[in-house]
Amino acid sequence: MTVSFRNLDVSWLGYATVRIESESGYVVYLDPGRYGVLDDYYARDGDLVCVTHDHHYDSDAIRSVAKEDATVVVFEGVDASNIDRDVAAVEDLPYEVVRVGEEEHLTAGPVDLWTLAAYNEADGPHTRDDGSLVHPPGFGCGFLLSVDGTKVFWPGDSDVLAGFEQLSVDLFLANIGGSIVMDRHEAADLAAALNPGLVLPIHYNTIDLLSADPEAFAADVAARGVPVVLEDPEDHTV
(Lines give C-alpha, C1' and ligand atoms only; values in the text may rest on other atoms or scores of the structure.)
Protein backbone atom coordinates (compact mmCIF):
# COMPACT_ATOMS: atom_id res chain seq x y z
CA MET A 1 0.00 0.00 0.00
CA THR A 2 0.98 3.61 -0.57
CA VAL A 3 -0.11 6.25 1.92
CA SER A 4 -1.95 9.19 0.38
CA PHE A 5 -1.64 12.26 2.56
CA ARG A 6 -2.82 15.67 1.43
CA ASN A 7 -1.10 16.24 -1.92
CA LEU A 8 1.50 13.48 -1.52
CA ASP A 9 1.76 9.74 -2.12
CA VAL A 10 4.27 8.24 0.31
CA SER A 11 5.77 4.75 0.26
CA TRP A 12 8.14 3.20 2.77
CA LEU A 13 10.26 0.73 0.78
CA GLY A 14 12.19 -0.70 3.73
CA TYR A 15 15.06 0.30 6.06
CA ALA A 16 15.19 4.11 5.77
CA THR A 17 14.06 4.30 2.15
CA VAL A 18 11.01 6.46 1.52
CA ARG A 19 9.54 7.54 -1.81
CA ILE A 20 7.45 10.72 -1.91
CA GLU A 21 5.52 11.82 -5.00
CA SER A 22 3.66 15.11 -5.27
CA GLU A 23 0.49 15.75 -7.26
CA SER A 24 2.66 17.42 -9.90
CA GLY A 25 4.63 14.17 -10.31
CA TYR A 26 7.83 15.35 -8.62
CA VAL A 27 9.50 12.38 -6.86
CA VAL A 28 11.75 12.50 -3.81
CA TYR A 29 13.68 9.57 -2.32
CA LEU A 30 15.10 9.62 1.19
CA ASP A 31 18.08 7.38 2.07
CA PRO A 32 17.59 4.78 -0.67
CA GLY A 33 19.00 1.28 -0.38
CA ARG A 34 20.95 -1.22 1.71
CA TYR A 35 19.97 -4.62 3.10
CA GLY A 36 18.33 -5.67 -0.16
CA VAL A 37 15.37 -3.32 0.18
CA LEU A 38 15.79 -2.11 -3.42
CA ASP A 39 16.91 -5.37 -5.04
CA ASP A 40 15.44 -5.46 -8.56
CA TYR A 41 14.03 -1.95 -8.15
CA TYR A 42 14.94 0.23 -11.11
CA ALA A 43 12.32 2.99 -11.14
CA ARG A 44 14.82 5.74 -12.01
CA ASP A 45 12.04 8.26 -11.46
CA GLY A 46 13.58 10.31 -8.65
CA ASP A 47 13.95 14.04 -9.21
CA LEU A 48 15.54 14.57 -5.79
CA VAL A 49 17.50 12.04 -3.71
CA CYS A 50 18.60 12.84 -0.15
CA VAL A 51 21.20 10.98 1.92
CA THR A 52 21.68 11.61 5.64
CA HIS A 53 24.97 9.84 6.51
CA ASP A 54 27.47 7.04 5.74
CA HIS A 55 25.27 4.20 7.02
CA HIS A 56 22.54 5.12 4.52
CA TYR A 57 24.80 5.87 1.56
CA ASP A 58 24.33 3.32 -1.24
CA SER A 59 25.58 4.49 -4.62
CA ASP A 60 24.02 1.55 -6.51
CA ALA A 61 20.65 2.31 -4.95
CA ILE A 62 20.94 5.96 -5.91
CA ARG A 63 21.50 4.89 -9.51
CA SER A 64 18.40 2.67 -9.32
CA VAL A 65 16.10 5.46 -8.16
CA ALA A 66 17.47 8.66 -9.71
CA LYS A 67 16.59 10.20 -13.06
CA GLU A 68 19.48 11.19 -15.29
CA ASP A 69 18.90 14.84 -14.38
CA ALA A 70 18.26 14.23 -10.69
CA THR A 71 19.59 16.39 -7.90
CA VAL A 72 21.33 14.32 -5.21
CA VAL A 73 21.69 15.99 -1.81
CA VAL A 74 24.32 14.35 0.39
CA PHE A 75 25.46 15.31 3.87
CA GLU A 76 28.97 16.75 3.76
CA GLY A 77 30.35 14.06 6.12
CA VAL A 78 29.55 11.14 3.81
CA ASP A 79 32.89 9.70 2.69
CA ALA A 80 33.13 6.52 0.62
CA SER A 81 36.67 5.88 1.89
CA ASN A 82 35.29 5.46 5.41
CA ILE A 83 32.57 2.99 4.37
CA ASP A 84 33.33 -0.74 4.58
CA ARG A 85 31.10 -1.49 1.58
CA ASP A 86 31.68 -1.29 -2.16
CA VAL A 87 30.34 2.16 -2.93
CA ALA A 88 31.30 4.81 -5.45
CA ALA A 89 32.70 8.10 -4.25
CA VAL A 90 30.04 10.76 -3.94
CA GLU A 91 31.87 13.00 -6.42
CA ASP A 92 31.74 10.19 -9.02
CA LEU A 93 27.94 10.03 -9.05
CA PRO A 94 26.64 11.05 -12.51
CA TYR A 95 24.17 13.62 -11.18
CA GLU A 96 24.05 17.15 -9.89
CA VAL A 97 25.39 16.55 -6.39
CA VAL A 98 24.84 19.10 -3.63
CA ARG A 99 26.73 18.71 -0.37
CA VAL A 100 25.01 20.07 2.73
CA GLY A 101 25.92 20.71 6.35
CA GLU A 102 23.74 20.61 9.44
CA GLU A 103 21.98 23.95 8.95
CA GLU A 104 21.36 24.47 5.26
CA HIS A 105 18.44 25.57 3.10
CA LEU A 106 18.08 24.92 -0.61
CA THR A 107 15.37 24.70 -3.25
CA ALA A 108 15.00 21.93 -5.84
CA GLY A 109 11.99 22.11 -8.12
CA PRO A 110 8.87 22.40 -5.93
CA VAL A 111 10.82 21.36 -2.81
CA ASP A 112 12.26 23.57 -0.10
CA LEU A 113 14.74 21.58 1.95
CA TRP A 114 16.28 22.31 5.32
CA THR A 115 18.90 20.20 7.08
CA LEU A 116 19.13 19.65 10.83
CA ALA A 117 21.72 18.11 13.10
CA ALA A 118 21.25 14.37 13.76
CA TYR A 119 23.32 12.49 16.31
CA ASN A 120 23.45 10.48 19.53
CA GLU A 121 24.06 12.54 22.65
CA ALA A 122 27.10 11.61 24.75
CA ASP A 123 24.99 11.53 27.91
CA GLY A 124 21.95 10.09 26.16
CA PRO A 125 20.34 6.63 26.15
CA HIS A 126 21.86 5.37 22.90
CA THR A 127 25.57 4.97 23.55
CA ARG A 128 27.68 1.85 23.24
CA ASP A 129 28.71 -0.03 26.39
CA ASP A 130 32.07 1.74 26.31
CA GLY A 131 30.37 5.13 26.07
CA SER A 132 31.24 5.74 22.41
CA LEU A 133 28.64 6.89 19.89
CA VAL A 134 27.45 5.17 16.72
CA HIS A 135 26.26 8.55 15.44
CA PRO A 136 28.48 11.26 16.95
CA PRO A 137 27.82 14.97 16.38
CA GLY A 138 28.78 15.95 12.84
CA PHE A 139 28.26 12.43 11.44
CA GLY A 140 24.92 13.03 9.75
CA CYS A 141 21.86 15.20 9.31
CA GLY A 142 18.09 15.07 9.18
CA PHE A 143 15.84 16.63 6.57
CA LEU A 144 12.77 18.84 6.71
CA LEU A 145 11.23 19.09 3.25
CA SER A 146 8.34 21.20 2.05
CA VAL A 147 7.00 19.30 -0.98
CA ASP A 148 4.39 21.41 -2.74
CA GLY A 149 3.71 23.01 0.64
CA THR A 150 3.43 19.81 2.72
CA LYS A 151 6.23 19.60 5.30
CA VAL A 152 7.85 16.19 5.78
CA PHE A 153 10.32 15.57 8.62
CA TRP A 154 12.86 12.73 8.49
CA PRO A 155 15.15 13.10 11.53
CA GLY A 156 17.71 10.61 10.24
CA ASP A 157 19.62 8.43 12.68
CA SER A 158 19.36 10.56 15.79
CA ASP A 159 18.25 10.89 19.34
CA VAL A 160 15.39 13.30 19.96
CA LEU A 161 17.32 16.55 20.04
CA ALA A 162 16.38 19.89 21.56
CA GLY A 163 14.54 21.97 19.01
CA PHE A 164 12.94 19.10 17.12
CA GLU A 165 9.67 19.68 18.99
CA GLN A 166 9.49 23.27 17.71
CA LEU A 167 9.40 22.30 14.04
CA SER A 168 6.30 22.84 11.93
CA VAL A 169 5.62 19.36 10.52
CA ASP A 170 2.73 17.88 8.53
CA LEU A 171 4.12 14.35 8.05
CA PHE A 172 6.53 12.89 10.60
CA LEU A 173 8.57 9.93 9.38
CA ALA A 174 9.25 8.52 12.81
CA ASN A 175 12.51 6.64 13.31
CA ILE A 176 11.51 4.00 15.89
CA GLY A 177 14.32 1.44 15.56
CA GLY A 178 15.76 2.07 19.02
CA SER A 179 19.13 0.83 20.34
CA ILE A 180 21.24 3.28 18.28
CA VAL A 181 18.49 5.77 17.39
CA MET A 182 15.36 7.06 19.13
CA ASP A 183 13.08 4.22 20.22
CA ARG A 184 9.31 4.01 19.84
CA HIS A 185 8.64 5.65 23.21
CA GLU A 186 10.88 8.63 22.47
CA ALA A 187 9.46 8.91 18.95
CA ALA A 188 5.90 8.83 20.33
CA ASP A 189 6.73 11.66 22.75
CA LEU A 190 8.16 13.66 19.85
CA ALA A 191 5.09 12.93 17.72
CA ALA A 192 2.87 14.29 20.48
CA ALA A 193 4.99 17.44 20.72
CA LEU A 194 5.03 17.98 16.95
CA ASN A 195 1.30 17.22 16.57
CA PRO A 196 1.60 16.61 12.81
CA GLY A 197 -1.22 15.74 10.46
CA LEU A 198 0.14 12.19 10.17
CA VAL A 199 2.89 9.98 11.61
CA LEU A 200 4.43 7.16 9.57
CA PRO A 201 7.01 5.00 11.42
CA ILE A 202 10.00 3.73 9.39
CA HIS A 203 13.54 2.38 9.91
CA TYR A 204 12.63 -0.65 12.03
CA ASN A 205 12.73 -4.47 11.85
CA THR A 206 15.09 -4.51 8.85
CA ILE A 207 17.92 -5.92 10.98
CA ASP A 208 17.98 -7.24 14.56
CA LEU A 209 19.58 -4.03 15.79
CA LEU A 210 16.45 -2.13 14.81
CA SER A 211 13.80 -4.41 16.29
CA ALA A 212 10.65 -2.55 17.31
CA ASP A 213 6.92 -3.06 17.87
CA PRO A 214 5.16 -0.81 15.32
CA GLU A 215 1.68 -1.73 16.51
CA ALA A 216 2.52 -0.65 20.07
CA PHE A 217 4.00 2.58 18.70
CA ALA A 218 0.89 3.26 16.64
CA ALA A 219 -1.39 2.60 19.61
CA ASP A 220 0.69 4.94 21.79
CA VAL A 221 0.60 7.75 19.21
CA ALA A 222 -3.10 7.30 18.48
CA ALA A 223 -3.90 7.41 22.20
CA ARG A 224 -2.37 10.91 22.24
CA GLY A 225 -4.78 12.06 19.53
CA VAL A 226 -2.21 12.11 16.71
CA PRO A 227 -3.11 10.38 13.41
CA VAL A 228 -0.77 7.49 12.61
CA VAL A 229 -0.54 4.87 9.86
CA LEU A 230 1.54 1.72 9.44
CA GLU A 231 3.07 1.01 6.05
CA ASP A 232 4.43 -2.46 5.23
CA PRO A 233 7.27 -2.29 2.67
CA GLU A 234 6.55 -5.88 1.68
CA ASP A 235 3.26 -4.68 0.19
CA HIS A 236 5.15 -2.94 -2.60
CA THR A 237 5.85 -4.68 -5.88
CA VAL A 238 9.29 -3.78 -7.17
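Structure first, text after, so check above.
Residues numbered from 1 in each chain as written. Predicted model: local features only at pLDDT ≥ 70, side-chain atom pairs only at ≥ 80, totals over all residues. Heavy atoms only, no water.

(A) Spotlight on the packing of aromatic side chains. For the structure on display, the rule yields five aromatic pairs. Consider the rings of Trp 12 and Tyr 204, whose centres lie 4.8 Å apart with planes at 35°: the pair is tilted. With a gap of 192 residues between them, Trp 12 in strand 2 (residues 8-14) and Tyr 204 in the loop between strand 13 (198-202) and helix 3 (214-223) connect regions that are remote in the sequence. Comparing Trp 12 with Tyr 204, the two get one shared label, buried. Three or more aromatic residues joined by ring pairs form one cluster here, namely Phe 153, Phe 164 and Phe 172. (Phe/Tyr/Trp six-rings, centres within 6.5 Å; stacked < 30°, edge-to-face > 60°. Helix = DSSP H or I, 4+ residues; strand = E, 2+ residues; numbered from the N terminus. Buried < 20%, exposed > 50% of the residue type's maximum accessible area, 1.4 Å probe, protein only.)

(B) Here's a closer look at the environment of Gly 14. When you line up the elements, Gly 14 lands in strand 2. C-alpha separation for the pair Gly 14 and Asp 232, spaced 218 residues apart in sequence, amounts to 8.1 Å. Filtering out sequence-adjacent residues up to four positions away, Gly 14 remains in contact with Val 37 and Pro 233. (Contact = heavy atoms within 4.5 Å.)

(C) View of the environment of Ala 88. As for its placement among the helices and strands, Ala 88 is situated in the loop between strand 6 (66-75) and strand 7 (96-100). If we skip the residues at most four places from it in the chain, Ala 88 touches Tyr 57, Ser 59 and Ala 80.

(D) Fine view of the sheet that holds strand 12 (residues 171-175). Strand order in the open sheet made by the six strands is 8-9-10-11-12-13, with mixed pairing throughout. In this open sheet, the two strands that pair with only one neighbour each are strand 8 (105-108) and strand 13. Direction aside, neighbouring strands of the sheet carry axes that sit 20° apart on average. Here strand 10 (residues 140-147) runs beside strand 11 (residues 150-154); their pairing, made up of five bridges, is antiparallel. Each bridged residue has a counterpart across the sheet, and for Phe 143 the counterpart in strand 11 is Trp 154. The sheet strands contacting helix 2 (residues 184-194) are strand 11, strand 12 and strand 13, and the helix crosses strand 12 at an angle near 165°. (Pairing = 2+ DSSP bridges. Axes fitted to C-alpha atoms, helices over the stretch in contact; angles between N-to-C directions.)

(E) Main features of helix 2. Within the span of helix 2, buried status applies to Ala 187, Ala 188, Leu 190, Ala 191 and Leu 194. Buried residues of helix 2 fall within an arc of 160° about the axis and therefore sit on the same side. Between a side-chain oxygen at the N-terminus of helix 2 and the backbone nitrogen of His 185 the separation is 3.1 Å; the capping residue is Asp 183. (Arc of directions from axis to C-beta. Polar contact = N/O pair within 3.5 Å; in protein donor to acceptor, adjacent residues only side chain to side chain.)

(F) The pairing of strand 10, seen in detail. Counting buried residues in strand 10 gives eight out of eight residues, a clear majority hidden from the surface. Following strand 10, the chain reverses through two residues before pairing antiparallel with strand 11; Asp 148 in that reversal takes a positive phi of roughly 50°.

(G) Up close: the nonpolar core. Of all hydrophobic cores here, the largest spans 81 residues; its most connected members are Leu 48, Leu 145 and Phe 153. Among residues more than four places away in sequence, those in contact with Phe 153 are Leu 116, Phe 143, Leu 144, Phe 164, Leu 167, Val 169, Leu 171, Phe 172, Leu 173, Leu 190 and Leu 194. (Core = buried A, V, L, I, M, F, W, Y, C linked by side-chain atoms within 4.5 Å.)

(H) Quick peek at unusual backbone geometry. With a phi close to 60°, Ser 179 is a non-glycine residue in the positive phi region. You can see Ser 179 is positioned in the loop between strand 12 and helix 2. Within the chain, Asn 195 stands out as a residue other than glycine whose phi angle is a positive 50°. Relative to the elements of secondary structure, Asn 195 occurs in the loop between helix 2 and strand 13.

(I) Quick peek at helix 3. Those residues of helix 3 lying buried are Pro 214, Phe 217, Ala 218, Asp 220 and Val 221. Looking straight down helix 3, one finds its buried side chains confined to an arc of 160°; they lie on one side. Along helix 3, exposed side chains directed more than 90 degrees from the buried face belong to Glu 215 and Ala 223. Check the buried side of helix 3 and you find it contacts strand 12, helix 2 and strand 13. Its side-chain oxygen at 3.2 Å from the backbone nitrogen of Glu 215, Asp 213 defines the N-terminal cap of helix 3. Among the residues trailing helix 3, Gly 225 stands out with phi positive, at a value near 85°.

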